Amino acid sequence: MKIGVVVHGPTIIDSGWAKRIIEILKNFGEVRVKLGGTMGRVAVIDNNLEDIIDISEKIMPSESLKKLSEECDILFLLNYGKSKETGHTFGKIVVSKANIKKPVIQIERPGERDGSIIVWNYSKEIENILNYLKKELNLKIEKCVSEGLNVWSEKGKIFRKVHGVSPGENILVNGVVIGKAKDKNVIIVAKNNKIVDIIGGEIKKEGLERLGDVDLSKAIIKTGLLRKKPKKIKVKDGKDEGYFTIINHSGESSLENIKDFAITIGDDTTQICGDILSRFGVRIVGITDGDLDKIVEDPKITKGSVIFLVKNVRDDYAGELIKKNLKYKKYKFEDLIKEIEEIFKKYNIEYERSII
């Protein structure tokens, strides 16, 4: 039997459950494992699982299922949602998008009291492996408790319910923080592909400007922390000379274009990128304006990195000036910093500088 496994998110990896389940599945046949999600890729690196979990592609979990279904007889989706509701919702959305006929077994929140096994596309051939996992993992086989993607239109507006939210959590749409939850019932409202309201939450205006147009029926929506503090982190030393890349408010994509240095635009982007790129010894130059939302717990940053806090303009504007004026060439890190400071002086940007 050929078994395909899609691992989603950092928690299932950091908890040790992903590795344990993969080892169990090897007793039933040949196992191929792919990852879904950027923060999960970082967790794979932190836990030394690169030889077990394929992180070579940045693809959605539904796309990973589709790819594996072409050569595997049975598929698994391993996830550790922050609640039973969010986990079941995630599974239903992913399996629906994948649109495959082969059996899919979702293992959700193993080790928790409300952990469960959900079977999508049941067939008799999975009965033995299903019963074995039920006993070995001490999980119940349950029906999905979620209605899945909940999107509807009304009076020219599009509404989408956000599942499993806790008051006070940040709300991210396609990787951008667009607001904060004030209630456990949150609905995002859009008109003409622009988010105009958050029912049960408060809008972050700057985030909406950065997000731009969005299709709520296809958007990736997350709440709370992207990753809780991992147990083991390997932070490498940074280089003194090299080339730079600019990352503007899309921190989760920082693995796609790694250079020697990264200029990160935005408080959240600097936080996420700094944490991700510290594993590769990439020094960052953070351009921030003090508008920080905590979405990564205890982030790490490569030693020697520099953070600019701009005082009289927004970080977006400062970032655009850097893009416009900074020559792309090989720099010594201290010369790169001096060049950025010259740009700030030229445009009368007030700032504070801190060295990590």
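In what follows, the accompanying structure is described. Treat the numbers as computed from the prediction; the structure is a model and nothing was measured. (Residues numbered from 1 in each chain as written. Predicted model: local features only at pLDDT ≥ 70, side-chain atom pairs only at ≥ 80, totals over all residues. Heavy atoms only, no water.)

To continue, consider a nonpolar patch on the surface. Taken together, Leu149, Val151 and Ile158 make up a surface patch of nonpolar side chains, about 190 Å² in accessible area. Here Leu149 is to be found in the loop between β6 (140-142) and β7 (151-154). (Patch = residues over 30% accessible without salt bridge, like charges linked within 9 Å, V, L, I, M, F, W, Y side chains within 5 Å. Areas by Shrake-Rupley, 256 points an atom, 1.4 Å probe, with all protein chains shown as cover. Salt bridge = Lys/Arg side-chain N within 4 Å of Asp/Glu carboxyl O. Helix = DSSP H or I, 4+ residues; strand = E, 2+ residues; numbered from the N terminus.)

The next thing to look at is helix α10 (residues 333-346). The end-to-end C-alpha distance of α10, which contains 14 residues, comes to 20 Å, matching closely the 20 Å that a straight helix rising 1.5 Å per residue would cover. Buried residues of α10: Phe333, Leu336, Ile337, Ile340, Glu341, Ile343 and Phe344, and no others. The buried residues of α10 occupy an angular sector of 155° when projected down its axis, which confines them to one face. Exposed positions of α10 whose direction lies more than 90 degrees from the buried face are Lys338, Lys345 and Lys346. (Expected span 1.5 Å × (residues − 1). Buried < 20%, exposed > 50% of the residue type's maximum accessible area, 1.4 Å probe, protein only. Arc of directions from axis to C-beta.)

This part covers unusual backbone geometry. Although it is not a glycine, Asn121 sits at a positive phi angle of roughly 60°. Inspection of the secondary structure assignment puts Asn121 in the loop between β5 (116-120) and α6 (127-136). You will see that Asn138, though not glycine, has its phi angle at about 55°, which is positive. Position of Asn138 relative to the elements: it lies in the loop between α6 and β6.

Here we come to the packing of aromatic side chains. Aromatic ring pairs: the centre-centre distance and the angle between the two ring planes describe each pair. Under the criterion given, the structure shown has 9 aromatic pairs. With 5.4 Å between their ring centres and 85° between their planes, Phe308 and Phe344 make a pair best called edge-to-face. Linking Phe308 in strand β19 (residues 306-310) with Phe344 in helix α10, this pair joins segments that are 36 residues apart in sequence. One exposure class covers both Phe308 and Phe344, and it is buried. Here Phe344 falls in the buried class, since its relative accessible area comes to 0%. Positioned above the aromatic ring of Phe333 is the side chain of Arg283, whose terminal nitrogen or guanidinium carbon lies 4.8 Å from the ring centre. (Phe/Tyr/Trp six-rings, centres within 6.5 Å; stacked < 30°, edge-to-face > 60°. Lys NZ or Arg CZ within 6 Å of the ring centre and 35° of its normal.)

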